[in-house]
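# Architecture at a glance
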Amino acid sequence: MAREGIDLSTVDAVRALEAGKYTAGFTTDIEQEFAPKGLSEDTVRFISAKKDEPQWMLDWRLEAFRRWQTMEEPSWAMVRYPPIDYQDATYYAAPKNAAKYKSLDEVDPEILETYKKLGIPLREQETLLGVAGAPRIAVDAVFDSVSVLTTFKKELAQAGVIFCSISEAVREHPDLVKKYLGSVVPTTDNFFATLNSAVFSDGSFVYVPQGVRCPMELSTYFRMNAQGSGQFERTLIIVDKGGHVSYLEGCTAPMREENQLHAAVVELVALEDAEIKYSTVQNWWPGDVDGKGGVYNFVTKRGDCRGARSRISWTQVETGSAITWKYPSCILRGDDSSGEFYSIAITNGRQQADTGSKMIHLGRNTKSRIISKGISAGRAQNTYRGLVSIHGKAANARNFTQCDSLLIGDKCGAHTIPYVEARNVSAKLEHEATTTKLSEDQLFYMRQRGIPEEEAVALLVNGFVREVLQQLPMEFAVEAQKLVAVSLEGSVG
Amino acid sequence: MLSVSDLHVSVGAAEILKGLTLSVPAGEVHAIMGPNGAGKSTLSYALTGREGYEATQGAVTLEGRDLLAMTPEERAAAGLFLSFQYPLEIPGVPTMTFLKAALNAQAKARGEPELGATEILKRVRARAGELRISAEMLKRPLNVGFSGGEKKRMEILQMMVLEPRFAILDETDSGLDIDALRIVADGVNALRAPDRAMLVITHYQRLLDYIRPDKVHVLVSGRIVDTGGPELALRLEKEGYDKYLAAA
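Residues numbered from 1 in each chain as written. Chains lettered and ligands numbered in written order. Predicted model: local features only at pLDDT ≥ 70, side-chain atom pairs only at ≥ 80, totals over all residues. Heavy atoms only, no water.

## A word on the overall build of chain B
Definition in use: Per the convention used, a helix needs a DSSP run of H or I reaching at least four residues, while a strand needs a run of E reaching at least two, with both numbered from the N terminus. Every radius of gyration here is taken over C-alpha atoms, with the globule rule written as 2.2 Å times N^0.38, N being the number of residues. Relative accessibility under 20% of the residue-type maximum defines a buried residue, over 50% an exposed one, and the middle range a partly exposed one, all with a 1.4 Å probe and only protein chains included. What makes two residues a contact is simply this: any of their non-hydrogen atoms within 4.5 Å. With residues, only the protein chains shown are counted as cover, and all accessible areas are computed by Shrake-Rupley using a 1.4 Å probe. Asp and Glu count as negative and Lys and Arg as positive, but His and the ends of the chain are not part of the count. By convention, the point assigned to a charge is CZ for Arg, NZ for Lys, CD for Glu and CG for Asp.
Regarding its fold elements, chain B presents 10 helices and 10 strands. What you see for chain B is a C-alpha radius of gyration of 18 Å, in line with the 18 Å of a compact globule of 248 residues. When its C-alpha atoms are laid out on the principal axes, chain B stretches across 55 × 40 × 35 Å. Here chain B, with 248 residues, has 55% of them falling under the buried criterion. In chain B, the proportion of contacts linking residues at least 24 apart, taken out of those at least 6 apart, comes to 69%. Of the roughly 10200 Å² that chain B leaves accessible, carbon and sulfur atoms contribute 49%. For chain B, the distance from the average position of its 29 positive side-chain charges to the average position of its 32 negative side-chain charges is 4 Å.

If you want it as structure tokens, here you go:
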């Protein structure tokens with residue numbers, strides 16, 4: 001009956017929400033500080049100086065920037081957009097006086113209000129006092145280019161867990177950062193990752209020491225507020241031998257008429273027997289129904305199962321952004337390591353998504369699993385693109401891939417592009433794919449039973465994505481489910 | 001209970017129903033028989049409000065309420081049920097979940113309290129037992145991969161659980177073997193009640209051996225051209241529709 005509970009709570013969620021509203025689309029009116037528009041070595045130096053970075057960090061950025069200038073923007077993805085003028089954007093925007101707040105009391109009330117409106121818990125007291133139902137979630141709140149607050153730092157420190165902004169980590173934990181930054185996604189990796197390496201602003205840093213199970217969920221909420229600015233977050237998570245962490249990121253942005261650029265890099269490192277569960281609920285502004293505005297989301301996410309028996313699991317719910325270009329991947333380096341990718345990608349209106357995963361099997365007895373659910377409505381295009389690569393030494397590697405597409409209406413598209421490379425004969429690979437069209441006939445059938453159209457769509461869609469929603473931490477599953485329903489409002493008829 | 005007067009219905013440019021008049025009082029079961037293309041399915045879709053089946057003239061009321069002014073889901077909440085000739089597959093939605101959503105949506109629309117999960121489960125299980133539908137089938141997505149006969153039994157299960165005031169059974173006998181036909185007919189007969197009425201649309205007389213109608217109407221070229229008792233069905237089986245077709 002638990003499953004049905006989830007189904008019906010979606011239906012209630014749909015009822016409770018106003019149709020077709022992007023509820024995160026408001027702007028926060030505060031004084032902000034910007035880098036001068038445009039992109040040059042000076043921009044890189046400006047950002048580095050703003051963050052009080054040591055010389056080695058600046059040098060790392062500059063090297064990336066020089067490299068980037070020689071690179072070409074990739075064009076192989078099934079997404080169409082006008083050329084991006086990289087000089088016509090602002091690469092740093094921060095609330096004024098944003099020396100990191102030490103406690104909640106110091107944070108600009110407008111910013112607090114923003115997170116409150118988005119339903120993001122920043123208060124620690126209730127949880128610390130043991131109030132029933134208070135969420136045990138530590139939050140790093142990133143507002144445009146800076147992290148404004150990280151909660152529960154003290155409690156986490158007692159467990160030996162470091163959870164702070166990447167800017168802080170560069171200053172406070174340089175040895176860890178030097179050792180791991182760029183070790184999974186090198187600065188030379190791809191056009192957008194290299195750009196990020198040059199101008200990355202803020203993001204989260206997590207270190208879980210040997211044998212420690214992180215005592216609470218960690219999460220980062222990214223909020224893009226400033227007009228005409230891009231957000232270039234950088235996240236680095238390292239879990240030492242036998243450690244465990246579950247991490248979630250959430251993303252929202254105001255409704256803007258012009259497109260905003262978001263090029264992030266996330267690197268995960270799991271040492272021997274370590275486990276990382278990384279979940280994303282991405283709800284950047286998708287643009288209006290005619291395709292005006294919206295976030296361009298070019299993201300490089302990769303996890304390295306560096307140690308034997310390590311595990312990395314990616315779960316993503318992608319509902320926002322005008323353009324999504326994103327392939328959370330696992331390098332299965334350690335023997336007996338495993339990687340998982342669970343994805344729900346929803347495109348409506350004029351949204352375009354080209355997303356999937358890469359599973360690179362290097363070690364022996366490595367296992368991977370890809371479950372992708374793509375939903376396309378309106379005039380949207382949704383592409384699954386995936387690579388399963390079995391290297392020569394990866395004896396007994398196994399992969400299971402399932403790609404399901406759901407089409408709502410007849411003006412949208414779904415595409416599945418799986419690549420497979422196997423250089424070891426002992427590999428076992430399975431691939432399943434289905435395409436379902438949600439038809440007027442099905443909707444009429446459900447309405448004849450008394451189920452209103454929006455509820456009918458929610459039920460069908462929920463059934464379609466259930467397998468992936470179940471992978472999310474409970475607190476976020478409900479939120480994600482609402483989001484799934486809301487992003488498809490008005491998609492029928 | 002159901003009153004249809006001078007109903008004209010067009011699908012695209014073609015007029016399919018051309019002034020159909022029909023009245024089914026509470027407590028009665030009426031059958032509609034007719035040749036292919038007479039407008040039988042059009043009638044069931046027009047009554048339930050399917051898009052593309054446009055009533056251009058005439059009136060339809062259910063217990064005095066104007067059906068034509070309602071959306072399909074409002075008609076369902078008003079007590080109208082259609083057992084589809086070709087039931088749809090609903091992927092990802094288990095039968096039990098589907099029934100719960102339908103029951104509660106209707107209750108909500110009528111301003112009645114929603115039923116608890118346990119109560120619904122009990123009601124569905126009891127009815128499923130009568131139709132020899134296994135508990136395992138109730139957990140599977142509705143109609144997905146079911147045989148034609150299983151789908152028809154699922155239609156009757158839905159009808160028994162939703163307890164409509166007025167049910168239309170569109171070619172419910174097609175695809176059923178004789179045993180399944182008997183099970184389905186028993187289910188339908190169990191629902192006969194003084195405050196409920198039914199319209200059985202069928203090609204063949206066979207079903208009417210099991211579900212005995214109070215009246216039989218002959219639908220030809222979009223109009224009711226003859227009405228009689230159960231014996232009319234037997235005569236049609238023997239003589240066919242030629243006589244009516246020639247007159248039309």
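## What to know about helix H1 (residues 40-48) of chain B
Residues and elements named next belong to chain B. Burial analysis of H1 places 8 of its 9 residues in the buried class, which makes it a mostly covered element. Within H1, burial applies to Lys-40, Thr-42, Leu-43, Ser-44, Tyr-45, Ala-46, Leu-47 and Thr-48. Where H1 terminates, the next one or two residues include Gly-49, which has phi positive at roughly 85 degrees.

## Considering the pairing of strand E9 (residues 215-220) of chain B
Residues and elements named next belong to chain B. Stated precisely, the cut-off is as follows: Strands pair, by our definition, only if DSSP identifies at least two bridges between them.
Of all 6 residues making up E9, 5 are buried, and the element is well covered by its neighbours. Pairing of strand E3 (residues 29-33) with E9 involves 4 bridges; the strand directions are parallel. Of the residues in E9, the one forming a bridge with Ala-31 is Val-216. The pairing of E9 with strand E10 (residues 223-228) spans 5 bridges and is classified as antiparallel. What sits directly across from His-217, in E10, is Thr-227. Hairpin connection, E9 to E10: the antiparallel pair is bridged by 2 residues, and Ser-221 has positive phi, about 50 degrees.

## Some thoughts on the side chain of Asn-283 of chain A
The following threshold applies: Throughout this description, a polar contact denotes any pair of N or O atoms lying within 3.5 Å of each other; where both atoms belong to protein, one of them has to be capable of donating a hydrogen while the other can accept it, and for residues adjacent in sequence the pair is counted only when both atoms sit in side chains.
Here Asn-283 of chain A shows up in strand E11 (residues 275-283). A distance of 3.5 Å separates polar atoms of two side chains, one belonging to Asn-283 of chain A and the other to Thr-319 of chain A.

## A word on the pattern of salt bridges
Here is the rule: Any Lys or Arg side-chain nitrogen found within 4 Å of a carboxyl oxygen on Asp or Glu counts as a salt bridge.
Across all of its chains, the model carries 35 salt bridges over all chains by this definition. Here Arg-302 of chain A makes a salt bridge to Asp-189 of chain A, at a shortest N to O gap of 2.8 Å. Highlighted residues: Arg-302 of chain A in strand E12 (residues 294-305) and Asp-189 of chain A in the loop between helix H8 (174-180) and helix H9 (191-199), separated in sequence by 113 residues. Take Arg-302 of chain A: its relative accessible area is 11%, and that puts it in the buried class. Given the relative accessible area of 28%, Asp-189 of chain A is considered partly exposed. A salt bridge links Asp-195 of chain B to Arg-165 of chain B; the nearest nitrogen and oxygen atoms lie 3.7 Å apart. You can see Asp-195 of chain B sitting in the loop between helix H7 (178-190) and strand E8 (197-202) and its partner Arg-165 of chain B sitting in the loop between helix H6 (148-162) and strand E7 (166-170), a full 30 residues away along the chain. Judged by its relative accessible area of 40%, Asp-195 of chain B falls in the partly exposed class. Residue class for Arg-165 of chain B comes out partly exposed when judged on its relative accessible area of 30%. One salt-bridge network, in which partners are shared between bridges, spans Arg-123, Arg-127, Glu-130 and Glu-163 of chain B.

## Remarks on the environment of Pro-286 of chain A
Residue and element names in this part refer to chain A. By the element assignment, Pro-286 lies in the loop between E11 and E12. With relative accessibility at 18%, the residue Pro-286 sits in the buried group. With 171 residues separating them along the chain, Pro-286 and Val-457 place their C-alpha atoms 20 Å apart.

## Re the interface of chain A and chain B
Defined as follows: Take the accessible area each of two parts loses on contact, using a 1.4 Å probe, and add the two losses: that sum is the buried area.
Contact with chain A, which involves 24 residues of that partner, is made by 37 residues of chain B. Carbon and sulfur atoms supply 64% of the area buried between chain A and chain B, which totals about 2600 Å² over both sides. The largest share of the area that chain A buries against chain B comes from Phe-444, Tyr-445 and Arg-449 of chain A, three residues that together contribute 30% of it. Counting across the chain A and chain B interface gives 3 salt bridges. Here Arg-50 of chain B makes a salt bridge to Asp-441 of chain A, at a shortest N to O gap of 2.3 Å. Across the chain A-chain B interface, the total number found is 12 residue pairs in polar contact (both at pLDDT 80 or more).

## A closer look at the confidence of the model for chain A
Put simply, the test is: On a scale of 0 to 100, pLDDT captures the predictor's confidence in every residue.
With 84% of its residues at a pLDDT of 70 or more, chain A shows a mean pLDDT of 84. In this model, residues 1-20 of chain A is a region of pLDDT below 50 whose contacts with residues beyond four sequence positions or in other chains number 36 contacts.

## A closer look at the pairing of strand E21 (residues 398-408) of chain A
Residue and element names in this part refer to chain A. The buried fraction of E21 amounts to 10 of the 11 residues, a majority that puts the element mostly inside the structure. Judged from the 11 bridges that link them, E21 and strand E23 (residues 428-438) form a sheet pairing that is parallel. Following the sheet pairing, Ile-408 is matched in E23 by Leu-438.

## A word on the environment of Ala-49 of chain A
Residues and elements named next belong to chain A. Along the chain, the position of Ala-49 falls in helix H2 (residues 41-50). A relative accessible area of 52% places Ala-49 in the exposed class. Along the chain, Ala-49 and Asn-424 lie 375 residues apart, while their C-alpha atoms are 49 Å from each other.

## So, the sheet that holds E9 of chain B
Residues and elements named next belong to chain B. Note the following rule: Only the stretch in contact is used when a helix axis is fitted, and all axes are lines through C-alpha atoms; the angle between N-to-C directions ranges over 0 to 180 degrees.
Taken in spatial order, the 6 strands make up an open sheet running E6-E7-E8-E3-E9-E10, and their pairing is mixed. Among the strands making up the open sheet, the edge pair consists of strand E6 (80-83) and E10. Neighbour-to-neighbour, the strand axes of this sheet turn through a mean angle of 20 degrees, independent of strand direction.

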